[in-house]
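Residues per chain are reported as follows:
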Amino acid sequence: MKGYHYLNKKGVFRLENPELTSYLYFPIANESGVMSSVTPTLGGDSKMGQNTFLLAPVSSEDLHNNKSSRNFWCCIDGKGGWSATGKSAWQEDLTFTGEKEETALEAGIMWQKVIRTSSALGITSEIISFVPHTEDSVEIMLVTIKNCGNQELSFLPTAAIPLYGRSADNIRDHRNVTSLLHRIVTTEHGVILNPTLTFDERGHHKNTVVYGVLGAVGEGEAPTGFFPCVEDFIGEGGSFTNPRAINEISINPVKAGARIDGYEAMGGIQFPKATLAPGEENTYILVMGYSSSTEGMERTAEKFLSKSACLKALEVTKEYWEEKINVSYQTGSEAFDAWMHWVNFQPMLRRIYGCSFLPHHDYGRGGRGWRDLWQDCLALLIMNPSGVRDMLISNFGGVRVDGTNATIIGNKQGEFIADRNNITRVWMDHGVWPFLTTKLYIMQSGDIHILLNKNYYFKDPQAVRGEEKDSLWKPEDGNRLKTANGEEYQGSILEHMLLEHLAEFYDVGEHNHIRLRGADWNDALDMAKERGESVAFTSVFGSNLDQMADLILSLDMLGTKKLSFFKELAILLADDDKLYDSIEGKQELLKEYCDSCRHTISGENFEISCEELAANLKRKADWIREHIRKTEWITNKEGYSWYNGYYDNHGRQVDGDHEAGVRMMLTGQVFTIMSNTATQEQVKAIVAAADEYLYDNSIGGYKLNTNFNEVKDDLGRMFGFAYGHKENGAVFAHMAVMYANALYQRGFAAEGYKVIKSLFDHCNNFEKSRIYPGIPEYIGDNGRGLYHYLTGSASWLLLTVLTEMFGVKGKLGDLSLEPKLMPEQFDANHQAGVEFIFAERKLNIRYINKSGNEDASYQVGNIFIDGAPYHCEAANGVIPRCDIEALEASKEHTITVELI
């Protein structure tokens, strides 16, 4: 097995024999709702949501189990049917053919091309798949058939795309019954499916979505016939890889104007018989998609039913997506730069697909979770910051007054939905991410006054942090918190973040760390609701309180001396060391607060000075830091030291020596380092322990945990997974990248680089990772990358490479340059660079390493902007925002930085 190679700096790659690797799939989509996955043999599916699948939904195992695909047949005179996608029974059987056909895949952002050649038959196919970036709800296949032999080639071409046309639920639930709803017609160019009703969890409703496959030859020549029904196309005893309609002339296509009701639909389209001279080629266009009517489907398809129109749409689509990826890198490794181009793109895919709708992501019903809202904003802040302000403010509308948040997120910005199923689950880490994201926004933009903007609080029957119900609330009351007099209350963004953190501060277990409740970042730590505690995230809440205090002091310096909050919040600002040490006292205070605002709040406010509030928060932050340092630093019998990260549902420390083997979890190390809970000496010790117990270079680096050798059902379902898979001991890219980020932040550049380089080296080695370029959710024990594309690790890797590795970050709106690049990352001219947007200016930062150091211990020396020496009183490589904004907006500007 040979790996792919890059064809340009934009990450376009080529892979020979792609169908010889299992589980490969590629995303093609648009922002208008079309979400497709396509394999090297044109398998996969297409959908616009859980209840709107054009092609039958597939999970990862279906990729090799399923015979259904976007097939294209050439029935060659005297030789039978040849599949341009390789999906025929005889082409898949190498013992029958004697030799494998030549195949190659090329792909770039949102497009895939597969080339297949049969030298024995003298025929080559090239199939380009893409989804136009426009509002058109279609997927396009551009099929080119070429005579690569030395004799005339005659064949009868037929597209064969099974139409599913209903909810994913119907795969198992009433598959046959829902086919009886089908009304299928043939038109001049294709097959249209218009079911009468929909049967799914929403009930029985009149159908509003029309599905179709339409086709043309060259510049618009119509097909000659159609196979609109699966049964008729495959014939008795046939299959999608051996259809009778291709190999038996007795099965004839129907003409335009035919109708068939109550059967599984088939997008079977037969084109005029073709005869090609050597070197000659024909192009066939297939448009599959969605509309609200037959006429609408035909109008949309008509835009693309010519070769010239398709090629133009393809080029415009390529340009559209490349323009959106406005961060690029230049290092000593062109492969790393190209790989990062895909990583930069991945957060865009997550905003389109959510956490579902690719073959490995066969769970959920679409959409994103609370954590995703904020972490996906990290990438937006870097690549498209203009719309993030309103998005951030809107997202705070999901916070409840008890410090928890809505878990069902609507399709519209700022839309949150009450849980009608009364499923109460609280993730204790959810309060962390809004602050981290908002702080990044403030640092990048300097817009600290966003903290004073207001939004509503979410209201539903959940109360007292998921432990009780508000029996007075009714659905007709709406989903906004009200005051006693019935007015919808709005509080500042700062108030929302304060509430999330202060409520957590008091929500402690028997060791005075924040309760784990339903889980934290690791969703699979979900079986310690009663006595579990997350030391890892307690440390982050403490760090956030400290940094929140700093922002409040910045407000004070800018003239906002006092802040106003709703009256009940004052309960949570109690400031007493004895109270902090009292677990029972904290729990009682939290209950008092939650009861005070169970149904409504008074509507009264109180004021507090910025200085007093900041001091209050810093004391709480200091208490958390010192408490963890005193109670959770462990040393095992082999002499390694690290932080315990959790307590299980029996109230026992999780990390440390155990009769079943050493137990260490990476999460507890990441966040104690990132939060400055770990001292510099402790960071060194943690690195040594992680290298000893968690690092495995053969699978990409740092595993999430050691093998507990136990189905630990007093902590989480992860321990039911086989070790080395998913949350149980896989190299979980998200946490590994956050480990790198934490190490960089604390000045451990070489150690941070090791984490990222290990991931890159593995993922970029196709023979090991067996995935296309990019970063997966995790790497399994056999080295395969899994759950590709839709992962929060991409946002964190983009953030880490830009702001820590290249050291390009905001500092209350100013541009700070603090690179931590290792010597090997500079090119042969000792240069490295990054292009990105800052203060609405396109900047190209060029670092020239003149230090000669063998590590990242250089300093920023001379700075040049567009070749002119730059002088500023600000030290340490900080360029004031006003100087960036003074640069001409229409041009790209080069900032050259000498490192000494």
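Scroll up for the structure.
Procedures and definitions
Residues numbered from 1 in each chain as written. Predicted model: local features only at pLDDT ≥ 70, side-chain atom pairs only at ≥ 80, totals over all residues. Heavy atoms only, no water. Helix = DSSP H or I, 4+ residues; strand = E, 2+ residues; numbered from the N terminus. Rg over C-alpha atoms; globule rule 2.2 N^0.38 Å. Buried < 20%, exposed > 50% of the residue type's maximum accessible area, 1.4 Å probe, protein only. Areas by Shrake-Rupley, 256 points an atom, 1.4 Å probe, with all protein chains shown as cover. Lys, Arg positive; Asp, Glu negative; His and termini not counted. Charge placed at Lys NZ, Arg CZ, Asp CG, Glu CD. Phe/Tyr/Trp six-rings, centres within 6.5 Å; stacked < 30°, edge-to-face > 60°. Lys NZ or Arg CZ within 6 Å of the ring centre and 35° of its normal. 1 Å grid on protein atoms, 1.4 Å probe; cavity = no way out; pocket = protein on both sides within 12 Å on 5 of 7 lines; lining within 4 Å. Points joined across faces, edges and corners; volume = space filled by probe spheres on them. Pairing = 2+ DSSP bridges. Salt bridge = Lys/Arg side-chain N within 4 Å of Asp/Glu carboxyl O. Polar contact = N/O pair within 3.5 Å; in protein donor to acceptor, adjacent residues only side chain to side chain. Contact = heavy atoms within 4.5 Å. Axes fitted to C-alpha atoms, helices over the stretch in contact; angles between N-to-C directions. Parallel < 35°, antiparallel > 145°, perpendicular 65-115°, else oblique. Left-handed = near helix turned anticlockwise from the far one by under 90°. Nonpolar A, V, L, I, M, F, W, Y, C, P; charged D, E, K, R; others polar. Expected span 1.5 Å × (residues − 1).

1. So, the overall build of the protein
On a plain count of helices and strands, the protein comes out with 24 helices and 49 strands. The C-alpha atoms of the protein give a radius of gyration of 30 Å, which matches the 29 Å a tight globule of 900 residues would have. Projected onto its principal axes, the C-alpha positions of the protein cover 90 × 70 × 60 Å. Within the span of the protein, comprising 900 residues, buried residues form 62% of the whole. As displayed, the protein offers around 33,400 Å² of accessible surface, 47% of which is attributable to carbon and sulfur atoms. Here the protein contributes 87 positively and 122 negatively charged side chains, and the mean placements of these two sets differ by 1 Å.

2. Some thoughts on the packing of aromatic side chains
By the definition in use, this model includes 46 aromatic pairs. One aromatic cluster in this structure is built from Y4, Y6, F13, Y25, F26, Y320, W321, W342, F345, F766, Y772 and Y789. The cationic tip of R166 hangs over the ring face of Y164; the distance from NZ or CZ to the ring centre is 4.6 Å. Positioned above the aromatic ring of F505, the side-chain terminus of K620 is 5.7 Å from the ring centre.

3. Focus: the layout of surface pockets
In this structure, the second largest pocket encloses a volume near 980 Å³. Looking at the second largest pocket, it is lined by 36 residues, and the ones nearest its centre are K439, Q547, Q745, E804 and K809. Elements supplying a minimum of two residues to the lining of the second largest pocket: α12 (432-445), α14 (535-557), α18 (666-674), α20 (733-745), α23 (793-805) and β42 (808-811). With eight residues, α14 is the single largest residue contributor to the lining of the second largest pocket.

4. Description of the sheet that holds strand β40 (residues 776-779)
Taken in spatial order, the three strands line up as β39-β40-β41 in an open sheet, and their pairing is antiparallel. Every other strand in the sheet has two partners, leaving β39 (731-732) and β41 (785-788) as the edge strands with one partner each. Direction of pairing for β39 relative to β40: antiparallel, over a ladder of two bridges. Bridge pairing links F732 to Y778 in β40.

5. Here we look at the pairing of strand β19 (residues 225-229)
In the case of a regular strand, side chains alternate between the two sheet surfaces. Among the five residues that make up β19, five are buried, leaving the element largely enclosed by the rest of the structure. Where β19 and strand β21 (residues 265-270) come together, four bridges link them in antiparallel fashion. Looking across to β21, one finds that C229 is bridged to A265.

6. As for unusual backbone geometry
If you check the backbone angles, N17 has positive phi at about 50° while not being a glycine. Secondary-structure assignment places N17 in the loop between β2 (13-16) and β3 (26-29). At H830, a position not held by glycine, the phi torsion is positive, near 65°. Position of H830 relative to the elements: it lies in the loop between β43 (814-817) and β44 (831-838).

7. Quick word on the sheet that holds β42
Here three strands make up an open sheet; going across it, the order is β42-β43-β48 and the pairing antiparallel. Edge positions in the sheet fall to β42 and β48 (878-879), since each of these pairs with one other strand and no more. Across four bridges, β42 lies against β43 in antiparallel orientation. Bridging from a neighbouring strand, G810 pairs with L815 of β43.

8. Structural notes on the side chain of D655
Here D655 is to be found in the loop between β36 (646-647) and α18. The charged side chain of D655 is buried without a salt bridge, its nearest counter-charge being R663 at 9.2 Å. In this structure the side chain of D655 is engaged in a polar contact, spanning 3.2 Å, whose partner is the backbone nitrogen of G645. Among the polar contacts listed, one links the side chain of D655 to the backbone nitrogen of M665, at a separation of 2.9 Å. Leave out the neighbours within four places in its chain, and D655 touches I634, W642, Y643, N644, G645, Y646, R663, M664, M665 and Q669.

9. Describing the packing of α18 against α20
Running from N to C, α18 and α20 cross one another at 30°; their axes reach a closest spacing of 8 Å. Classed by the angle they form, the pair α18 and α20 counts as roughly parallel. For the crossing formed where α18 meets α20, the hand is left-handed. Together, L666, T667, V670, F671, I673 and M674 of α18 and M735, A736, M738, Y739, N741, A742, L743 and Q745 of α20 make up the contact between the two elements. When its residues are assigned to classes, the contact of α18 with α20 shows 11 nonpolar, three polar and no charged.

10. Overview of α14
The end-to-end C-alpha separation of α14 is 34 Å, in line with the 33 Å expected for 23 residues at 1.5 Å each. Counting buried positions over the 23 residues of α14 gives 20, a clear majority of the element. Of the residues flanking the end of α14, it is G559, one or two places downstream, whose phi is positive at about 110°.

11. Some details on the environment of R371
In this fold, R371 is placed in helix α10 (residues 370-383). Classification of R371 by relative accessible area gives buried; the value is 11%. Along the backbone, R371 and E500 are 129 residues apart, and their C-alpha atoms lie at a distance of 14 Å. Apart from residues no more than four positions distant in its own chain, R371 is found in contact with W427, D429, H430, W433, D520, W521 and D523. Only 2.8 Å separates the side chain of R371 from the side chain of D429, close enough to count as a polar contact.

12. Let's talk about the pattern of salt bridges
For the coordinates displayed, the defined rule picks out 64 salt bridges. The salt bridge partner of R717 is D526, with a shortest N-O separation of 2.5 Å. With R717 in the loop between β38 (701-702) and β39 and D526 in the loop between α13 (493-506) and β31 (533-534), this pair connects stretches of sequence that are 191 residues apart. On the basis of relative accessibility, which here comes to 37%, the residue R717 falls in the partly exposed class. A residue is classified by how much of its surface remains accessible, and D526, at 25% relative accessible area, is partly exposed.

13. Describing the environment of D655
Residue classification places D655 among the buried residues on the basis of a relative accessible area of 5%. As for D655 and N644, which are separated by 11 residues in sequence, their C-alpha atoms are 4.9 Å apart. Polar side-chain contacts of D655 include one of 3.1 Å to the side chain of W642.

14. Quick notes on the environment of I583
Its place among the elements puts I583 in helix α16 (residues 583-596). Aside from chain neighbours lying at most four places away, what touches I583 is V508, G509, E510, H511 and N512.

15. Digging into α20
Here α20 spans 18 Å end to end across 13 residues, near enough to the 18 Å set by a 1.5 Å rise per residue. Of all 13 residues making up α20, 12 are buried, and the element is well covered by its neighbours. Positive backbone phi, approximately 90°, marks G747, located one or two places after α20.

16. Considerations on the pairing of strand β23 (residues 281-291)
The buried fraction of β23 amounts to nine of the 11 residues, a majority that puts the element mostly inside the structure. Examined bridge by bridge, strand β12 (residues 138-147) and β23 share nine bridges and lie antiparallel to one another. Each bridged residue has a counterpart across the sheet, and for T144 the counterpart in β23 is T283. Pairing of strand β18 (residues 210-217) with β23, which is carried by eight bridges, proceeds in the antiparallel orientation. Each bridged residue has a counterpart across the sheet, and for L214 the counterpart in β23 is V287.

So yeah, pure geometry; function would need other evidence.
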